[in-house]
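One-letter residues, chain by chain:
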Amino acid sequence: MVHLKINGSAQTFDGDPDMPLLWYLRDILGLTGTKYGCGMALCGSCTVLENGKAIRSCTKPMSALEGHEITTIEGISTHGPHTVQKAWAEANVPQCGYCQPGQIMQTVSLLSSKPHPSDQDIDDEMAGNICRCGTYQRIRAAIHAAAKETA
Amino acid sequence: MITVENVTRRSFLQGAFSAGALVLCATKSPFLTKAAASGTITNVSPGMMMGSVPTIDATTFHPGVFLGIQPDGTVLIVAHRTEMGNGVRTSLPRIIADELDADWSRVKVIQGDGDERYGSQDTDGSHSVREFFDTLREAGATARLMLIRAAAQQWGVPEAQCVADPPHVVSHKPTNRTIGYGELAAMAAKQPVPKKEDVKLKQPSEWRYIGKPAPGYDVTDVCAGKSLYGMDVRLDGMLYAAIAHPPVLGGKVKSVDDSSALQVKGVKKTIPIDPFTPPHQFQPLGGVAVIADNTWSAFKGRDKLKIDWDNGGNASYTSADYKKELQETARQPGKAVHTNGDPDAEFAKGGKIIEAEYYAPHLAHASMEPPVATADVQADKVTVWSPTQNPVGVKEEIAKALGMKKEQVTCHVTFLGGGFGRKSKPDYAVEAAVLSKKTGKPVKVVWSREEDIKFDYFHSVAAMYIKAAVDENGMPKAWLQRSVFPPISSTFDKDAVYGSDGEMSLGWNVIPFDVPNFRSENGKAQYHVRIGWLRSVANIYHAFAVQTFANELAYAAGRDPYDYLLALIGPGKTIEADQPKEVNGKYPYDTVRLRRVAEMAADKAGWGKKKPGNGWGMGIAVHRSFLTYVASVVEVEVDGGGTVRIPRVTTVLDAGIVVNPDMVRNQFQGAAVFGTSLTRTGEITATKGVIDQSNFHDYQVARMNDAPVHVDVHIVESTAPPAGVGEPGVPPMAPAICNAIYAATGKRVRELPLTRNGFA
């Protein structure tokens, strides 16, 4: 039995301990904002926060999450859009949008540790998040805008 | 011809519209007949209003565009095209809203289901705006006039004194009265549809939304993770399926041991899926499905299947050997596609001959959302939720596979997590339907990334050969080009070995250069994997060869590549293009426009201001595709280890009238990244029929730290009819990058990707 918090609410899980967090979120809790893209922590579509830091939920087994707090894309906007989401909309970042929840969660994590990231910081942090539509330039601009807003 | 009809009294979209709504439909078809229908709107997701656009009982009815005005003033527009990042759920409604003088914040978009009566819903070929621009405008303008007439009637004033200004109300300025669209809807609905000659379309100077940048209609929901993608569909009692597909195309299961798979917690059973009957078309590939109560268990169970396969004839396919075959074919005379003048006579004269061979490998689409679909098959009907570019195809293929009528199949179109052409092929939706029928439950089929990469409808590999005879100034007097690739038509005809007219029209049958003697040819190639269309299709390899060769000729002539390119294009003219007559009339191939984008791109990029060499250089390429003229200048920095950095791409496009410039910029920025991916690392290979790549570690696509840093997109102001914008940004990228690398390093890239040339 695994006890954890998802977006602030206590949950228990007694299924296959090898099940990655991603599928628990999507198939069991119905939190489908977190996306499947590769299953190997290669693309970042599944990014969520574990105790405030970005992780790839597709390779994180449930057995490793006892007592941990998970925040998903659904959990950052309970009181209206998050600053990062607002910056995303302002820059009209998304094309297909499928990777964007992961990009946004990675950004939330980045800004929590580096409130004013340089271009190099952004490239380093975001290199694990693939956008096949190619919105990287707008993502970079939106991160700078969100950083400014947070200041 | 466009016809607009008032369908308020025909109970269209019942459930969507309130009593007292005005509902119009517009169509290009001349066969309008009476229509009656009923249906309900179901809201299955907070993020996306899913339309159950009704079944219509008159078979010849083709409602291309639906527009309704509710008594509360809400304007409902049915989007019958697919949203996959192309922005159609924003651009198409904005065209209507503009002519309607609607308040954009009061427009709601409903996603239309698959219905052949819309006409083609295939969202590919970059044609959504260009195909529907006129129809949407006329629908909007017609509704506006009906509202004005209703107001004039109510007030008892001349129609000419009433205007739709400010938006969403009709005003009578002389008496300073206004009335809202919602209040007018019921009365407007009683108006006869105005005569065509009475409907006045706006002048471009009066446009409110067309040509003005707008954020995506769905942007807030998308960023909140609320939009419903195919991957996100959940139905009560739904089962999940993962499929072990035959490793080689055409392979069959000899035997299967599923005992370990069945021991996986959550796995319910395994089900064989029949192999296809050639040609493979959009049929499932066959294999063994693992049915489970969640995706993870299905994946895990699939990985534990022990299957002995009969691989069949395509097990002979090893791409390294096949490459040599294609190259050899490209060296031999092929089938003439297009000829101007007498190139053979010119070549026979001797003189300076320049020739080169080019090669580009298979590519996979690798959209971020792999193929996925959910189907619920019942005795007399099928409901399917699919991320699809081709919802009517989904209906047809499922009906065929289950022995039902396509009218019994409802296809709800979800958001697509990328498509790029892969999601025009509904094989995965058919799998869901077949498995739902066999289990008696709703089934969601989820392809893993590995399945997606290995079992794609691949962009074809191509070998090309080009030869030119040049005069004393280095200008070509004769030009011969030959391309060889397994054609897309092999997906539909197992004997197809030549490129279709369509493929040859994608940058090969004609070139935009002033060459008096020209012939393009095509050689035979046998397919061994499924071949399909991928964003910009054959333009990718054709533009790579032609635009690289033009660059090679420039250096052979000792000239600046940009100056030489302009000389090749010449002053510009309308050239004879092998495109349909109706297209030629509206969209002549005008190299004046091509020259202009080249000049602008060079100017904006600062061409010629810095001397290339020592690891720095610029490259230029031009290409017209999907009726849009594009020039891209790419700047590269290449370090001693061969790592290529792209600080800037400057793209200029002339796509005629542009509806949403910000979305168009986004498309071209994205196309530059897509083009960088395929140039740098894009390569699918096969060994004994099995695809060697499987995920993003060995099929790499551009990431933020290796994508172009800046992509500056400039849109030529134009009053020409709208052209395509989703794909045309891709083709110039490979040659522009490779030409830049030559300028920087002196190393010529004639084979993609860069990783095959010592670059990374």
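Calculation criteria
Residues numbered from 1 in each chain as written. Chains lettered and ligands numbered in written order. Predicted model: local features only at pLDDT ≥ 70, side-chain atom pairs only at ≥ 80, totals over all residues. Helix = DSSP H or I, 4+ residues; strand = E, 2+ residues; numbered from the N terminus. Rg over C-alpha atoms; globule rule 2.2 N^0.38 Å. Contact = placed C-beta atoms within 7 Å. Axes fitted to C-alpha atoms, helices over the stretch in contact; angles between N-to-C directions. Parallel < 35°, antiparallel > 145°, perpendicular 65-115°, else oblique. Left-handed = near helix turned anticlockwise from the far one by under 90°. Nonpolar A, V, L, I, M, F, W, Y, C, P; charged D, E, K, R; others polar. Domains from an automatic or database assignment. Expected span 1.5 Å × (residues − 1). Buried ≥ 20, exposed ≤ 12 C-beta atoms within 10 Å, placed from the backbone. Pairing = 2+ DSSP bridges. pLDDT = per-residue confidence, 0-100.

Points about the overall build of chain A
Okay, step 1: Helix and strand counts for chain A stand at five helices and five strands.
Okay, step 2: Reading the helices (α) and strands (β) of chain A from amino to carboxyl end gives β-β-α-β-β-β-α-α-α-α.
Okay, step 3: For 151 residues, the compact-globule estimate of 2.2 N^0.38 gives 15 Å, and chain A sits close to it at 15 Å.
Okay, step 4: Dimensions of chain A, computed from C-alpha atoms along their principal axes, come out at roughly 45 × 30 × 25 Å.

Some details on the overall build of chain B
Okay, step 1: When helices and strands are tallied, chain B shows 18 helices and 32 strands.
Okay, step 2: Here the C-alpha radius of gyration of chain B, 27 Å, is about what a compact globule of 760 residues would show, namely 27 Å.
Okay, step 3: Dimensions of chain B, computed from the C-alpha atoms along their principal axes, are close to 80 × 70 × 45 Å.
Okay, step 4: Across chain B, every contact between residues at least 6 apart in sequence was considered, and the portion connecting residues at least 24 apart equals 79%.

Describing the packing of helix α2 (residues 83-90) of chain A against helix α5 (residues 136-150) of chain A
Residue and element names in this part refer to chain A.
Okay, step 1: For the pair α2 and α5, interaxial distance at closest approach is 8 Å and the crossing angle is 135°. Here α2 lies oblique to α5, going by the angle between them. Note on packing geometry: the crossing formed by α2 with α5 is right-handed. On α5, the residues touching T83, V84, A87, W88 and E90 of α2 are A142, A145, A146, E149 and T150.
Okay, step 2: A breakdown of the residues in the contact of α2 with α5 according to their chemical character gives six nonpolar, two polar and two charged.

Overview of the interface of chain A and chain B
Okay, step 1: Contact with chain A, which involves 46 residues of that partner, is made by 47 residues of chain B.
Okay, step 2: Counted by class, the side of chain A that touches chain B contains 25 nonpolar, 15 polar and six charged residues.

A look at the domain arrangement of chain B
Residue and element names in this part refer to chain B.
Okay, step 1: Taken as a whole, chain B is organised into domain 1 (3-223), domain 2 (230-313 + 371-446) and domain 3 (319-363 + 457-757).
Okay, step 2: Contacts between domain 1 and domain 2 engage 14 residues on the former and 17 residues on the latter.
Okay, step 3: Considering only residue class, the side of domain 1 that touches domain 2 consists of three nonpolar, six polar and five charged.

Observations regarding helix α3 (residues 100-113) of chain A
Okay, step 1: The end-to-end C-alpha distance of α3 of chain A is 20 Å, a good match for the 20 Å that 14 residues give at a rise of 1.5 Å each.
Okay, step 2: Most of α3 of chain A sits out of view: eleven of its 14 residues are buried.
Okay, step 3: Taken together, the buried positions of α3 of chain A are occupied by Q100, P101, G102, Q103, I104, M105, Q106, T107, V108, S109 and L110 of chain A.
Okay, step 4: Buried residues along α3 of chain A sit against β3 (47-50), β4 (53-56), α2, α4 (119-126) and α5 of chain A together with α4 (219-223) of chain B.

Some remarks on helix α9 (residues 391-402) of chain B
Residues and elements named next belong to chain B.
Okay, step 1: Counted at 1.5 Å a residue, the expected span for α9 with its twelve residues is 16 Å, and the 17 Å between its end C-alpha atoms agrees.
Okay, step 2: Those residues of α9 that sit buried are P391, V392, G393, V394, K395, E397, I398 and A401.
Okay, step 3: Among the structural elements, β19 (382-386), β20 (409-413) and α10 (427-439) are those in contact with the buried residues of α9.

As for the pairing of strand β23 (residues 476-484) of chain B
Residue and element names in this part refer to chain B.
Okay, step 1: Burial analysis of β23 places eight of its nine residues in the buried class, the great majority of the element.
Okay, step 2: As paired elements, strand β22 (residues 462-470) and β23 share eight bridges and run antiparallel to each other. Counted as the bridge partner of V470 is P476 from β23.
Okay, step 3: Hairpin geometry of β22 and β23 is characterised by an intervening segment of five residues between the two adjacent antiparallel strands and by a positive phi of about 85° at G474.
Okay, step 4: The pairing of β23 with strand β24 (residues 517-523) spans seven bridges and is classified as parallel.

A closer look at the environment of A556 of chain B
Residues and elements named next belong to chain B.
Okay, step 1: Take A556: it is sitting in helix α13 (residues 539-556).
Okay, step 2: With 14 C-beta atoms counted inside 10 Å, the residue A556 sits in the partly exposed group.
Okay, step 3: As for A556 and G20, which are separated by 536 residues in sequence, their C-alpha atoms are 72 Å apart.
Okay, step 4: Residues in contact with A556, not counting those within four places in the same chain, are I354 and G474.

Re the pairing of strand β10 (residues 177-180) of chain B
Residue and element names in this part refer to chain B.
Okay, step 1: Of the strand pairs in this sheet, strand β9 (residues 169-172) and β10 are connected by four bridges, and their pairing is antiparallel. Residue pairing in the sheet places V170 in a bridge with I179 of β10.
Okay, step 2: Between β9 and β10, which follow one another and run antiparallel, lie four residues, and N176 among them has a positive phi close to 60°.

What to know about the confidence of the model for chain B
Residues and elements named next belong to chain B.
Okay, step 1: In this model, chain B carries an average pLDDT of 91, and 93% of its residues clear a pLDDT of 70 or more.
Okay, step 2: Within the model, pLDDT remains below 50 along residues 29-63, and this stretch shows 89 contacts once partners closer than five positions in the same chain are excluded.
Okay, step 3: This complex was scored by the predictor with a pTM of 0.94 and an ipTM of 0.98.

As for the packing of helix α1 (residues 88-100) of chain B against helix α2 (residues 128-155) of chain B
Residue and element names in this part refer to chain B.
Okay, step 1: Interhelical geometry of α1 versus α2 gives an angle of 35° and a closest axis separation of 6 Å. Of the two possible hands of crossing, α1 and α2 adopt the one that is right-handed. Of the residues in α2, those touching α1 at V88, S91, L92, I95, I96, A97, D98, E99 and L100 are S128, V129, F132, F133, L136, R137, A139, G140, A141, A143 and R144.
Okay, step 2: In terms of residue class, the contact of α1 with α2 is built from 13 nonpolar, three polar and four charged.

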